[in-house]
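Per-entry structural report
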Amino acid sequence: MCGRYSFTSPLEAMRRTFPIEGSPNLQPRYNIAPTQTAPVLRRHPDGRLLCHEIRWGLIPSWSRDMTGAARMINARAETVDEKPAFRAAFGRRRCLIPADGFYEWEKLPDGTKQPWRIVIGDGQPFAFAGLWERWAHPEEGNIDTYTIITTEAAATISSIHHRMPVILQDTDHRNWLDPEADAPALKALLQPNAGARGYRVSSRVGNVRNDDAALFDEVDA
């Protein structure tokens with residue numbers, strides 16, 4: 001699964017990976033957690049790539065309330081086109097979720113858990129494959145939410161955890177957002193990223209109130 005991640009890249013670095021329109025005022029985020037808002041990239045009908053900050057934890061359009069959002073932070077690649085909560089979004093509301101790392105917890109023999117930070121290459125920005133939905137709140141109006149698609153872990157990090165978020169190849173961003181793409185072509189993109197590597201970080205990352213650069217520091221085993 002993916003329950004925490006980061007996105008700290010400056011706007012110009014982000015533009016080298018994502019051809020976004022406008023100049024969003026994005027602050028460094030070292031510890032993005034479920035139910036918080038974070039940047040999501042969506043394709044406008046005219047083809048432009050737009051950045052909006054929306055809530056992590058998908059609420060299907062048919063939901064009666066928001067109570068299930070915290071349980072829908074991830075969607076499994078294997079069944080994302082079948083599950084009622086994700087099926088419609090997979091067909092029509094796919095998005096890119098910019099990140100530069102994510103956290104996973106390794107279960108140790110003594111029962112404790114060691115957090116790891118997982119990055120691609122030298123820590124350059126990348127995109128998770130995501131889905132978004134719009135839910136009509138009875139008092140607050142429309143609320144947009146998103147989920148991150150997960151798959152089996154790459155061999156490079158499978159000893160840490162058996163699942164990982166889908167990290168799309170840069171060349172596949174356009175294909176993932178293509179409104180004309182069919183389900184088999186889209187599901188073929190949902191593969192483990194072999195460029196993933198990890199290193200141990202402080203248990204401070206487990207507290208959502210900690211959101212600072214020290215969370216990226218490597219610690220001894």
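Reading the values: the criteria
Residues numbered from 1 in each chain as written. Predicted model: local features only at pLDDT ≥ 70, side-chain atom pairs only at ≥ 80, totals over all residues. Heavy atoms only, no water. Helix = DSSP H or I, 4+ residues; strand = E, 2+ residues; numbered from the N terminus. Buried < 20%, exposed > 50% of the residue type's maximum accessible area, 1.4 Å probe, protein only. Salt bridge = Lys/Arg side-chain N within 4 Å of Asp/Glu carboxyl O. 1 Å grid on protein atoms, 1.4 Å probe; cavity = no way out; pocket = protein on both sides within 12 Å on 5 of 7 lines; lining within 4 Å. Points joined across faces, edges and corners; volume = space filled by probe spheres on them. Nonpolar A, V, L, I, M, F, W, Y, C, P; charged D, E, K, R; others polar. Contact = heavy atoms within 4.5 Å. Polar contact = N/O pair within 3.5 Å; in protein donor to acceptor, adjacent residues only side chain to side chain. Pairing = 2+ DSSP bridges. Axes fitted to C-alpha atoms, helices over the stretch in contact; angles between N-to-C directions.

A few words now on the environment of Ala38. Relative to the assigned elements, Ala38 resides in strand E3 (residues 37–43). Take Ala38: its relative accessible area is 0%, and that puts it in the buried class. Sequence separation of Ala38 and Trp56 is 18 residues, and the distance between their C-alpha atoms is 7.1 Å.

A word on the pattern of salt bridges. Inspection of the entire model under this criterion finds 10 salt bridges. Here Asp100 makes a salt bridge to Arg117, at a shortest N to O gap of 3.3 Å. Of this pair, Asp100 sits in the loop between strand E6 (94–99) and strand E7 (101–107) while Arg117 sits in strand E8 (residues 113–120); the two residues are 17 residues apart in sequence, bridging distant segments of the chain. The exposure classification of Asp100 matches that of Arg117, with both residues buried.

This structure, assessed with the given rule, holds 1 cavity of 30 Å³ or more. Approximately 30 Å³ is the volume attributed to the largest cavity. When its residues are assigned to classes, the lining of the largest cavity shows 6 nonpolar, 1 polar and 2 charged.

On to the environment of Thr112. The residue Thr112 is located in the loop between E7 and E8 in this model. Given a relative accessible area of 40%, Thr112 falls into the partly exposed group. Residues in contact with Thr112, not counting those within four places in the same chain, are Glu106 and Lys107. Of note is the side chain of Thr112, whose polar atom sits 2.6 Å from the side chain of Asp110.

The buried count for strand E9 (residues 126–137) comes to 10 of 12 residues, which makes it a mostly enclosed element. Note that E9 and strand E12 (residues 167–168) share 2 bridges and pair antiparallel. Each residue of the ladder has a partner; that of Phe128, found in E12, is Ile167. With 8 bridges joining them, E9 and strand E10 (residues 141–152) adopt antiparallel strand pairing. Paired with His137 across the strands is Gly141, a residue of E10. Where E9 folds back on E10, the antiparallel hairpin that results is connected by 3 residues.

Moving on, we get to the sheet that holds strand E1 (residues 4–7). Here we have 5 strands laid out as an open sheet, ordered E2-E1-E7-E8-E13, and antiparallel in their pairing. In the strand order of this sheet, the two ends are held by strand E2 (29–32) and strand E13 (196–200), each with one partner. Going from strand to strand, the sheet's axes swing by 30° on average, the running direction of each strand aside. As paired elements, E1 and E2 share 2 bridges and run antiparallel to each other. The partner of Phe7 across the bridge, within E2, is Arg29.

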